[in-house]
Amino acid sequence: MKSTPHIDPKAPIAPTILLPGDPLRAKFIAETYLEDAQQFNSVRNMLGFTGTYQGTPVSVMGSGMGIPSISLYAWELIHVFGCTKLIRIGTCGALQEGINLYDVVIAQGACTNSNFLDQYNIPGTYAPIGSYRLIEAVRQNAKELGVTTHVGNILSSDTFYNADPTFNDRWKKMGIMAIEMETAGLYATAAEAGVEALGLFTVSDSIVTGEETTAHERQTAFTQMMEIALPLAQI
């Protein structure tokens with residue numbers, strides 16, 4: 001068995017892995033959607049499971065909060081365990097009018113205020129983007145199930161509570177659809193390794209209107225997102 005300081009597998013990790021931030025959400029996905037799920041990780045309580053979805057092996061594991069956390073796990077999952085399709089699933093705050101609660105945002109690109117990209121010493125400004133093949137497939141899944149989606153640019157922010165009161169407005173002016181905290185790091189890590197990645201988000205609150213969802217409502221909307229994300233393991 002391969003292992004790292006952060007992942008100690010007790011079952012094979014599938015080539016496709018879903019990455020919710022919350023490890024308890026990973027447990028919920030495994031118990032709700034996967035058959036014959038086995039837990040492969042409990043280090044730092046970052047729970048990970050592998051099972052099958054309609055006969056196809058799928059893994060799911062918590063990734064924590066922020067770019068440093070998800071990129072650490074993504075690097076190990078890619079380079080040590082051989083994952084080739086990494087799908088971040090989570091929630092986001094909408095930054096544009098017309099993007100409503102419970103809609104699903106698909107990150108075509110991911111801006112960031114993080115210094116994570118500096119490590120690559122790129123002679124310019126790198127723009128992390130998701131796999132177009134996965135974007136196209138998940139859009140089709142959503143269309144068939146009647147799930148409203150928005151595809152475009154998001155922001156992966158290092159700051160949840162920002163001291164600059166103009167922060168959100170500046171990003172909104174540039175057409176950023178929504179804010180979360182991880183995807184730019186995932187996209188860059190996947191790109192450097194030559195594998196596929198995608199970020200999907202249920203809109204849990206609107207920074208524009210101030211509307212918020214309840215915990216129960218988020219659970220229902222999350223179920224819709226899972227129904228369009230899981231079939232990606234089969235392509």
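The structure presented is a predicted model; accordingly, all values stated were derived computationally and were not measured.

Draft legend 1. Examining the overall build of the chain more closely. Secondary structure summary: the chain contains six helices and nine strands in total. Its C-alpha atoms give the chain a radius of gyration of 17 Å, within 12% of the compact-globule value 18 Å for 235 residues. Judged by the C-alpha coordinates and their principal axes, the chain covers about 50 × 45 × 30 Å. A total of 235 residues make up the chain; the buried ones form 54% of that total. A sequence separation of at least 24 residues applies to 75% of the contacts in the chain between residues at least 6 apart. Charge separation in the chain, taken as the distance between the mean sites of 14 positive and 23 negative side-chain charges, equals 2 Å.

Draft legend 2. Region of the structure containing helix α5 (residues 183-193). By the criterion of burial, α5 is predominantly enclosed, with eight of the 11 residues buried. What α5 keeps buried is the set Thr183, Ala184, Gly185, Leu186, Tyr187, Ala188, Thr189 and Ala190. Immediately downstream of α5, the backbone of glycine 194 shows phi near 75°, a positive value.

Draft legend 3. Quick peek at the packing of aromatic side chains. Counted by the stated rule, this structure contains three aromatic pairs. For the pair phenylalanine 116 and tyrosine 120, a centre-to-centre distance of 6.2 Å together with 75° between the ring planes defines the contact as edge-to-face. You can call phenylalanine 116 buried: its relative accessible area is 18%. Seen in terms of ring centroids, phenylalanine 167 and tryptophan 171 are 6.5 Å apart; in terms of plane orientation they differ by 65°. Their pairing is edge-to-face. Placement of both phenylalanine 167 and tryptophan 171 in helix α4 (residues 167-173) is noted, with a separation of four residues, approximately one turn of the helix. On the basis of relative accessible area, phenylalanine 167 is assigned to the buried category, the value being 12%. The ring of phenylalanine 222 is capped by arginine 25, whose NZ or CZ atom sits 4.2 Å from the centre of that ring.

Draft legend 4. The nonpolar core, seen in detail. By size, the foremost hydrophobic cluster in this structure holds 70 residues, and its most contacted members are Leu77, Leu86 and Ile89. At six residues, helix α2 (residues 67-79) tops the list of elements feeding residues into this core. Among all residues touching isoleucine 89, those that are not within four sequence positions of it are Leu18, Leu19, Pro20, Gly21, Ile29, Leu200, Phe222, Met225, Met226 and Ala229. Core analysis: the second largest hydrophobic core is formed by five residues, Leu95, Leu155, Ile176 and Ile179 among them.

Draft legend 5. Summary view of the environment of alanine 110. Inspection of the secondary structure puts alanine 110 in strand β6 (residues 104-112). Residue classification places alanine 110 among the buried positions, given a relative accessible area of 3%. Spatially, the C-alpha atoms of alanine 110 and alanine 188 are 9.5 Å apart, while their sequence positions differ by 78 residues. Setting aside anything within four residues of it in sequence, one finds alanine 110 in contact with Pro128, Asn153, Ile154, Ser156, Thr183, Ala184 and Tyr187.

Draft legend 6. View of the pairing of strand β3 (residues 48-53). For β3, the buried fraction is high: five of the six residues fall into the buried class. Note: strand β2 (residues 35-41) against β3, four bridges, orientation antiparallel. Counterpart to glutamine 39 in the pairing with β3 is phenylalanine 49. Hairpin connection of β2 to β3: six residues between the antiparallel strands, including arginine 44 at a positive phi of 55°.

Analysis parameters
- Residues numbered from 1 in each chain as written.
- Predicted model: local features only at pLDDT ≥ 70, side-chain atom pairs only at ≥ 80, totals over all residues.
- Heavy atoms only, no water.
- Helix = DSSP H or I, 4+ residues; strand = E, 2+ residues; numbered from the N terminus.
- Rg over C-alpha atoms; globule rule 2.2 N^0.38 Å.
- Buried < 20%, exposed > 50% of the residue type's maximum accessible area, 1.4 Å probe, protein only.
- Contact = heavy atoms within 4.5 Å.
- Lys, Arg positive; Asp, Glu negative; His and termini not counted.
- Charge placed at Lys NZ, Arg CZ, Asp CG, Glu CD.
- Phe/Tyr/Trp six-rings, centres within 6.5 Å; stacked < 30°, edge-to-face > 60°.
- Lys NZ or Arg CZ within 6 Å of the ring centre and 35° of its normal.
- Core = buried A, V, L, I, M, F, W, Y, C linked by side-chain atoms within 4.5 Å.
- Pairing = 2+ DSSP bridges.

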